[in-house]
Amino acid sequence: MVGIESYGAALPTLRLPATAYVEAWGACAARGMKQKAFCAYDEDPVTLGIEAARQALGRLPASVEIGALFFGVTTPPFEEKPSAATLPTALFENSAMRVTEITGSPQAGVQALVSAVEYCMAGKGRYALGVAADAPSGPADASYEHALGAAAVAFVVGPDGGVASFENSFSVTRETFGSRFRRHGDDTLSDLELRTRDNLASAQALGAEMAASKLGKVKRLALGADAGLMRGVGKALRLPEAETDALWSMIGDAGSASAPFALAAALDVARAGEIILCAGIGSGATAALLAAGKELSKRRRKGAKVANLIAGGKMVDYVTYLKHRRMLSSRFGGNG
Amino acid sequence: MTSYVSLPMYGANIDERMRLIAGKCKSCGQLAYPQRPVCTKCGGDQFDDTPLSGNGTLYTYSVVAGNGAPSEFDDEQTMTGDVLCGVVELKEGPRVMVRLADVDPEQLHIGMKLRAVIRRLYDQEGFLRYGTKFEPVGS
């Protein structure tokens, strides 16, 4: 059954504690966040995505021919000239490959995974790579900047689904006004902070969509969402008994990588047969329903676990953070 | 791997840079990385592409402090401080001059284990150059 054959995750090394915002601004607007991971000066979603993909490919028992790569990212370095093309250049000798960049919302990472699954299910190729990586940025004086972090995860999808079989996918779309958007040419996110709770509404719409299908007993919700949304998301999705993740509090908002990263964390601890729902929420929602496979415990022995990645890293102060993120540079957002 | 490369040259050997593809001399088996037109051991000029593991040890290093790095690193050095360079002895034998990542100067010591990672090298002429840096194993 088509599904995930292997997975790998990556975090930047640098960490910023929430207390850094308290010291600098008097408060941290990301309530419930303890720390976040963020890109060093020489890192971006492309470099993180390559690292995650190398981890995923390294966990396979034998090398496979990847026929397609789907890259979910809201912060690609280029608007034209596919940033995704750098990944196969770093990973594979073979260039006969479909490479697709999916962007525009925090759903992009889960959409990349679902696209990889559907590519294999359609018989276009036996193996595909779904990569989600992101490092959203905001203006230094915006409260929503406080939560913005970075992460990456990659999934090798193939015909056997040894790590997790693909059961179903669900999507809802929702036009949003004023929350989390970035106009063409802008370097940073905007958010009018209207407190319209769009993400909760998207989760409710997703819950209604899923209610028509037989889901089985969903053990884990992999969302990577902020503490505010997590409080009500189980009820919104009509899965109040499912376990939710708390990754946001330790890595921050990793955009399109948040939910897939939470899926990697769930796979690190899941038992065979457990049902996991991974949902990327923002301007609608995309969800993948998966069942942990028999090969999972064997495949995850090799490589870094999400908990270890989070426990590692180097804590820095706020000024160092601003410098690494180029927020004190006259070249911020521009070319070097 | 450590300093300015023109875009045509960067494009010409991008695979070699990103995946560490060495040239293996068809005459004597000597590995050359970066690749060269002539083997330094036997003078042979025929090579087979051979991927390297990306694992190695720090052979020597240098800390470029006080804005002493070339102009393509101006902004990076202003923002992040010292630029760390080194020579890595790869597991397969070749020694390569590289940039070091995710390590502080005081943590560097000869013989430390390193692994290859892809990072932004610099951003100039409107274009990002990605390439291989080396970081401590386990960082």
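Values in this document were obtained by computation on a predicted structure and should not be read as measured data.

## A few points about the overall build of chain A
Move 1: For chain A, the helix and strand inventory stands at 11 helices and 13 strands.
Move 2: Its C-alpha radius of gyration of 18 Å places chain A within 12% of the 20 Å reference for a compact globule of 336 residues.
Move 3: Along the three orthogonal principal directions, the C-alpha set of chain A runs to about 50 × 45 × 35 Å.
Move 4: By sequence separation, contacts in chain A at least 24 residues apart represent 76% of the contacts at least 6 residues apart.

## Let's talk about the overall build of chain B
Move 1: When you go through chain B residue by residue, the secondary structure sums to 3 helices and 8 strands.
Move 2: For chain B, the N- to C-terminal ordering of α and β elements is α-α-β-β-β-β-α-β-β-β-β.
Move 3: Radius of gyration (C-alpha) of chain B: 16 Å, near the 14 Å computed for a compact globule of 139 residues.
Move 4: Its C-alpha atoms give chain B principal-axis dimensions of roughly 45 × 35 × 25 Å.
Move 5: Among the 139 residues that make up chain B, the fraction classed as buried is 29%.
Move 6: The contacts in chain B between residues at least 6 apart in sequence include a share of 53% that link residues at least 24 apart.

## Focus on the sheet that holds strand E2 (residues 31–32) of chain B
All names here are of chain B.
Move 1: Overall, antiparallel pairing links the 3 strands, which are arranged E2-E1-E3 in an open sheet. Strand pairing shows two members of the sheet lacking a second neighbour, E2 and strand E3 (47–51), which therefore form its edges.
Move 2: Across 2 bridges, strand E1 (residues 21–25) lies against E2 in antiparallel orientation. Bridge assignment links Gly23 to a residue of E2, and that residue is Ala32.

## What to know about the environment of A:Leu57
Residue and element names in this part refer to chain A.
Move 1: With respect to the element layout, Leu57 can be found in helix H2 (residues 45–58).
Move 2: C-alpha of Leu57 to C-alpha of Val156: the two residues are 99 residues apart in sequence and 7.1 Å apart in space.
Move 3: Sequence-distant contacts of Leu57, defined by excluding residues within four places in its chain, comprise Leu91 and Val156.

## Here we look at the packing of helix H5 (residues 198–211) of chain A against helix H6 (residues 227–236) of chain A
Residues and elements named next belong to chain A.
Move 1: Viewed as axis vectors pointing N to C, H5 and H6 meet at an angle of 20°, and their least axial separation amounts to 9 Å. Looking at the two axes, H5 sits roughly parallel to H6. Relative to H6, the crossing made by H5 is right-handed. From H5, Asn199, Leu200, Ala203, Gln204 and Gly207 reach across to H6, where they touch Leu229, Gly232, Val233 and Ala236.
Move 2: Across the contact of H5 with H6, the residue classes tally to 5 nonpolar, 4 polar and no charged.

## Some points on the interface of chain B and chain A
Move 1: Facing 21 residues of chain B, the contacting portion of chain A comprises 21 residues.
Move 2: Counting only elements with at least two residues in the side of chain B that touches chain A, the list comes to helix H2 (14–19), helix H3 (74–80), strand E7 (113–124) and strand E8 (127–136) of chain B.
Move 3: Ranked by residue count, the leading element in the side of chain B that touches chain A is E7(B), at 7 residues.

## Structural notes on the sheet that holds E8(B)
Residue and element names in this part refer to chain B.
Move 1: Pairing within the open sheet is antiparallel, and its 5 strands lie in the order E6-E5-E4-E7-E8. Of all the strands in the sheet, just strand E6 (95–99) and E8 have a single pairing partner and so form its edges. Taking each pair of neighbouring strands and ignoring which way they run, the sheet shows an average axis angle of 30°.
Move 2: In terms of strand pairing, strand E4 (residues 55–64) meets E7 through 3 bridges, oriented antiparallel.

## A closer look at unusual backbone geometry
Move 1: Cis geometry marks the peptide bond from B:Tyr33 to B:Pro34; its omega dihedral reads -5°.
Move 2: Mapped onto the elements, B:Pro34 comes out in the loop between E2 and E3.
Move 3: In this structure, A:Lys81 is a non-glycine residue whose phi angle is positive, near 95°.
Move 4: Relative to the assigned elements, A:Lys81 resides in the loop between strand E4 (66–72) and helix H3 (86–91).
Move 5: For A:Lys81, a count of 11 C-beta atoms within 10 Å puts it in the exposed group.
Move 6: Positive phi, close to 55°, is recorded for B:Asp102, a residue that is not glycine.
Move 7: Structurally, B:Asp102 can be placed in the loop between E6 and E7.

## Here we look at the confidence of the model for chain B
As a general rule, the predicted coordinates of low-pLDDT regions are not to be interpreted in detail.
Move 1: Summing up the model confidence of chain B, the mean pLDDT is 92 and the portion of residues at 70 or higher is 98%.
Move 2: The ipTM, which scores confidence in the relative placement of chains, is 0.95 for this predicted complex, and the corresponding pTM is 0.96.

The rules behind each value
Residues numbered from 1 in each chain as written. Chains lettered and ligands numbered in written order. Predicted model: local features only at pLDDT ≥ 70, side-chain atom pairs only at ≥ 80, totals over all residues. Helix = DSSP H or I, 4+ residues; strand = E, 2+ residues; numbered from the N terminus. Rg over C-alpha atoms; globule rule 2.2 N^0.38 Å. Contact = placed C-beta atoms within 7 Å. Buried ≥ 20, exposed ≤ 12 C-beta atoms within 10 Å, placed from the backbone. Pairing = 2+ DSSP bridges. Axes fitted to C-alpha atoms, helices over the stretch in contact; angles between N-to-C directions. Parallel < 35°, antiparallel > 145°, perpendicular 65-115°, else oblique. Left-handed = near helix turned anticlockwise from the far one by under 90°. Nonpolar A, V, L, I, M, F, W, Y, C, P; charged D, E, K, R; others polar. pLDDT = per-residue confidence, 0-100.

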